[in-house]
Amino acid sequence: MSWGTELWDQFDNLEKHTQWGIDTLEKCIKFVKERTEIELSYAKQLRNLSKKYQPKKNSKEEEEYKYTSCKAFISTLNEMNDYAGQHEVISENMASQIIVDLARYVQELKQERKSNFHDGRKAQQHIETCWKQLESSKRRFERDCKEADRAQQYFEKMDADINVTKADVEKARQQAQIRHQMAEDSKADYSSILQKFNHEQHEYYHTHIPNIFQKIQEMEERRIVRIGESMKTYAEVDRQVIPIIGKCLDGIVKAAESIDQKNDSQLVIEAYKSGFEPPGDIEFEDYTQPMKRTVSDNSLSNSRGEGKPDLKFGGKSKGKLWPFIKKNKGATPEDFSNLPPEQRRKKLQQKVDELNKEIQKEMDQRDAITKMKDVYLKNPQMGDPASLDHKLAEVSQNIEKLRLETQKFEAWLAEVEGRLPARSEQARRQSGLYDSQNPPTVNNCAQDRESSPDGSYTEEQSQESEVKVLATDFDDEFDDEEPLPAIGTCKALYTFEGQNEGTISVVEGETLYVIEEDKGDGWTRIRRNEDEEGYVPTSYVEVCLDKNAKGAKTYI
């Protein structure tokens, strides 16, 4: 099977076909190039996606990633970042191993094709020239034969005419002989040129064209093979990164398997455990007797003493009900006494650990200065040992300050650890409702810190480890406490059903008075009338504060 023998007369079609082959090769290059661009774009989008969901440093999000599920999510993001890197590798390898090589090969192919078809056209032009020469000699031979025949006929006519002179007859005879000789010469020339043309034509169709077409066929077959090799490379480039991509996916699976729901549940306990015990039962209040109340041992009222058993309930309490108890408005105390016991213990332990690290850092610095001083003492030319005394004294003072600070926090830590619920003598804490009706004068520092919506607590009185509990009266002055003044108005954006203690229901579009703005816990205290007030979510109302009102704050 050879193009030279089978397609000897299809020069133009072969020229079109080989051009189509080059166009196909360039189309493959364009396809791979667009694939590399897609891979790069995909990798970039994956990296941006991974970066977008990475926790920001020194943010609340970073603290949330202590849970195993969040750690697994971070591992997934990191693996996706590596996954994106493999798509970048695919793009780079396809560009270097396919696009660059094929682009160079296309240029070589164009030059080779141009050379082969140039030789073919040259052979065509040569055979066409030979054919024109043959046709010219053939027409000349034909013309000379006709002229010789006419000359012979004219001679015979003159020879038969008795009126023609002998000289005219002789002249006609000589002319006929000349024409006949010219015809013979043309015949010989035509025969020679014909033989030469047949030889050239045989060479053209059996040697030149087959050789040229064979080269073109080989060129085309190499192009086809090169396309196949490029396709294999295209697949291999993808196949090479499959093991690494598999490792990335295995990493995601491993991260998912490392999730421990029990551990996360324990972390939630550690994060939010207050250290208080649940409140005890509330005793039945028999109003059929003259305003006397039997106080049980389990009631928190028992901790308020038995000095004055007769309590007044004539007025309404203005205290807030749990979980909407007013939080401490001041700065966070140094001993974290605004936190519940368990959270306070964690904060104090964290502070002690930080101080110990700072002490170790200062001690390392002191050791380094001491060594440098020793070097200066042994080699005075390197420096003055006395120049380090001030720095050494300063570091020693810092260490002493840090140690005193550590001792202070360790004392607070020891105090808190002695009050955690694990102790059998821990008193049971009563409910927030009971507290709101019977506000104590003196409270235990660990138990009577009241909860606020953001988890902080207000320590109202003593910080001593053991506090004597006194009885408290609800006097008329407390009952007649003046209501909080309005500091602005608000409009309900949505309907809110206040089903919990301390909340108030509002209807969309309703206008109410604001008596206490959001303190950062997501709740705003409002009043409908003198007897109806409570908390609603801040996001449910549109607040308009009176700048001239007492206690109003302006937020920017």
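Residues numbered from 1 in each chain as written. Predicted model: local features only at pLDDT ≥ 70, side-chain atom pairs only at ≥ 80, totals over all residues. Heavy atoms only, no water.

S.K.: Please clarify how the packing of helix α4 (residues 68-160) against helix α5 (residues 166-257) should be interpreted in this entry.
M.R.: Between two packed helices, the angle of one axis relative to the other and the distance separating the axes together describe the packing. Relative orientation of the contacting elements α4 and α5 amounts to 175°, with a least axis distance of 6 Å. As far as their axial angle goes, α5 and α4 are roughly antiparallel. A per-class count over the contact of α4 with α5 returns 45 nonpolar, 21 polar and 23 charged. (Axes fitted to C-alpha atoms, helices over the stretch in contact; angles between N-to-C directions. Helix = DSSP H or I, 4+ residues; strand = E, 2+ residues; numbered from the N terminus. Parallel < 35°, antiparallel > 145°, perpendicular 65-115°, else oblique. Nonpolar A, V, L, I, M, F, W, Y, C, P; charged D, E, K, R; others polar.)

S.K.: Any chance you could explain the pattern of salt bridges here in plain terms?
M.R.: In a structure, side chains of opposite charge can pair up when their charged atoms sit close to one another. Going through the model one piece at a time under the given rule, you end up with 22 salt bridges. A salt bridge links Arg35 to Glu39, with the shortest nitrogen-to-oxygen separation between them at 2.7 Å. Residue Arg35 and its partner Glu39 are both found in helix α2 (residues 11-52); the two are separated by four residues, about one turn of the helix. Taking the relative accessible area as the measure of exposure, Arg35 reaches 15% and is therefore buried. The class for Glu39 is buried, based on a relative accessible area of 6%. A salt bridge links Arg527 to Glu533; its shortest N-O distance comes to 3.4 Å. Exposure remark for Glu533: the relative accessible area of 27% places this residue in the partly exposed category. Overlapping salt bridges bring together Glu516, Arg525, Arg527 and Glu533 as one network. (Salt bridge = Lys/Arg side-chain N within 4 Å of Asp/Glu carboxyl O. Buried < 20%, exposed > 50% of the residue type's maximum accessible area, 1.4 Å probe, protein only.)

S.K.: Explanation requested: the nonpolar core in the structure shown.
M.R.: With 38 residues, the main nonpolar core has Leu25, Met94, Leu109, Phe213 and Ile216 as its most contacted residues. Secondary-structure elements contributing two or more residues to this core are α2, α4 and α5. When residues no more than four places from it in sequence are discounted, the contact partners of Ile216 are Trp3, Thr18, Asn116 and Phe117. (Core = buried A, V, L, I, M, F, W, Y, C linked by side-chain atoms within 4.5 Å. Contact = heavy atoms within 4.5 Å.)

S.K.: What should I look at first to understand the sheet that holds strand β6 (residues 533-537) in this one?
M.R.: Hydrogen bonding along the main chain pairs the strands of a sheet, whether they run parallel or antiparallel. With antiparallel pairing, the five strands of this open sheet are ordered in space as β6-β5-β4-β3-β7. Each edge of the open sheet carries a strand with a single partner, namely β6 and β7 (541-545). Going across the sheet, the axis of each strand differs from the next one's by a mean of 40°, ignoring polarity. In terms of strand pairing, strand β3 (residues 488-492) meets β7 through five bridges, oriented antiparallel. Looking at the pairing, Thr489 lines up with Cys544 of β7. (Pairing = 2+ DSSP bridges.)

S.K.: I'm lost on the environment of Thr5 in this one. Help?
M.R.: Checked against the element boundaries, Thr5 lands in helix α1 (residues 3-6). Put simply, Thr5 and Gln214 are 209 residues apart on the chain and 9.2 Å apart in space, counted from C-alpha to C-alpha. Looking at Thr5, its side chain comes within polar contact range of the main-chain oxygen of Ser2, at 3.2 Å. (Polar contact = N/O pair within 3.5 Å; in protein donor to acceptor, adjacent residues only side chain to side chain.)

S.K.: What is the right way to look at the pairing of β3 in this model?
M.R.: Within a regular strand, side chains alternate between the sheet's two faces. Here β3 shows one buried face, formed by Gly488, Cys490 and Ala492, and one open face, formed by Thr489 and Lys491. Across four bridges, the pairing between β3 and strand β4 (residues 511-516) is antiparallel. Bridging across to β4, Lys491 finds its partner in Thr511.

S.K.: For this particular structure, what's the right way to read the side chain of His87?
M.R.: Examined against the element boundaries, His87 turns out to sit in helix α4. Using a relative accessible area of 9% as the deciding quantity, one classes His87 as buried. Ignoring anything within four residues of it in the chain, the contact list for His87 reads Glu39, Tyr42, Ala43 and Leu46.

S.K.: Teacher, can you tell me more about a nonpolar patch on the surface here?
M.R.: Together, Leu49, Tyr53 and Phe73 make up a nonpolar patch on the protein surface, roughly 280 Å² of accessible area in all. Considering the arrangement of structural elements, one finds Phe73 in helix α4. Assessed through its relative accessible area of 34%, Phe73 is described here as partly exposed. (Patch = residues over 30% accessible without salt bridge, like charges linked within 9 Å, V, L, I, M, F, W, Y side chains within 5 Å. Areas by Shrake-Rupley, 256 points an atom, 1.4 Å probe, with all protein chains shown as cover.)

S.K.: Honestly, the pairing of β6 in this entry has me stumped. Any pointers?
M.R.: Among the five residues of β6, four are classified as buried, and the element is accordingly described as predominantly covered. Two elements, strand β5 (residues 523-527) and β6, share five bridges in a ladder whose sense is antiparallel. Residue Arg527 lies in a different strand from β6, and its bridge partner there is Glu533. Between the end of β5 and the start of β6, which pair antiparallel, lie five residues.

S.K.: Which parts of the structure should I look at to understand helix α6 (residues 261-272)?
M.R.: Since one α-helical turn is 3.6 residues long, residues separated by three or four positions face the same way. For α6, built from 12 residues, the straight-helix expectation of 16 Å at 1.5 Å per residue is met to within 8% by its first-to-last C-alpha distance of 17 Å. Residues of α6 that are buried: Asp264, Leu267 and Ala271. Seen from one end, α6 has its buried residues packed into an arc of 55°, which puts them on one side. Between the side-chain oxygen of the N-cap and the backbone nitrogen of Lys262 there are 3.1 Å, and the N-cap of α6 in question is Asp260. (Expected span 1.5 Å × (residues − 1). Arc of directions from axis to C-beta.)

S.K.: Please explain the side chain of Ser186 as it appears in this structure.
M.R.: Along the polypeptide, Ser186 turns up in helix α5. With a relative accessible area of 5%, Ser186 lands in the buried category. Those residues in contact with Ser186 that sit more than four places away from it in its chain are Arg140, Phe141 and Asp144.

S.K.: Could you clarify how one ought to interpret helix α8 (residues 389-417) in this entry?
M.R.: In this model, α8 (29 residues) spans 41 Å end to end at C-alpha, consistent with the 42 Å of a helix rising 1.5 Å per residue. Within α8, the full set of buried residues consists of Leu392, Val395, Ile399, Leu402, Thr406, Phe409, Trp412, Leu413 and Val416. Tucked inside the fold, the buried residues of α8 contact α7 (341-378).

S.K.: Whenever I open this one, the packing of aromatic side chains confuses me. Can you help?
M.R.: One pair of aromatic rings is described through two measures. These are the centre distance and the angle between the planes. Within the structure shown, the criterion is met by 11 aromatic pairs. Taking the centre distance of 4.7 Å and the plane angle of 85° together, the rings of Tyr204 and Tyr205 count as edge-to-face. On the accessibility criterion, Tyr204 (6% relative accessible area) is buried. Members of the aromatic cluster, connected to one another through ring pairs, are Tyr494, Phe496, Trp523 and Tyr540. Just above the ring of Tyr105 sits the side chain of Arg226; from NZ or CZ to the centre is 4.6 Å. (Phe/Tyr/Trp six-rings, centres within 6.5 Å; stacked < 30°, edge-to-face > 60°. Lys NZ or Arg CZ within 6 Å of the ring centre and 35° of its normal.)

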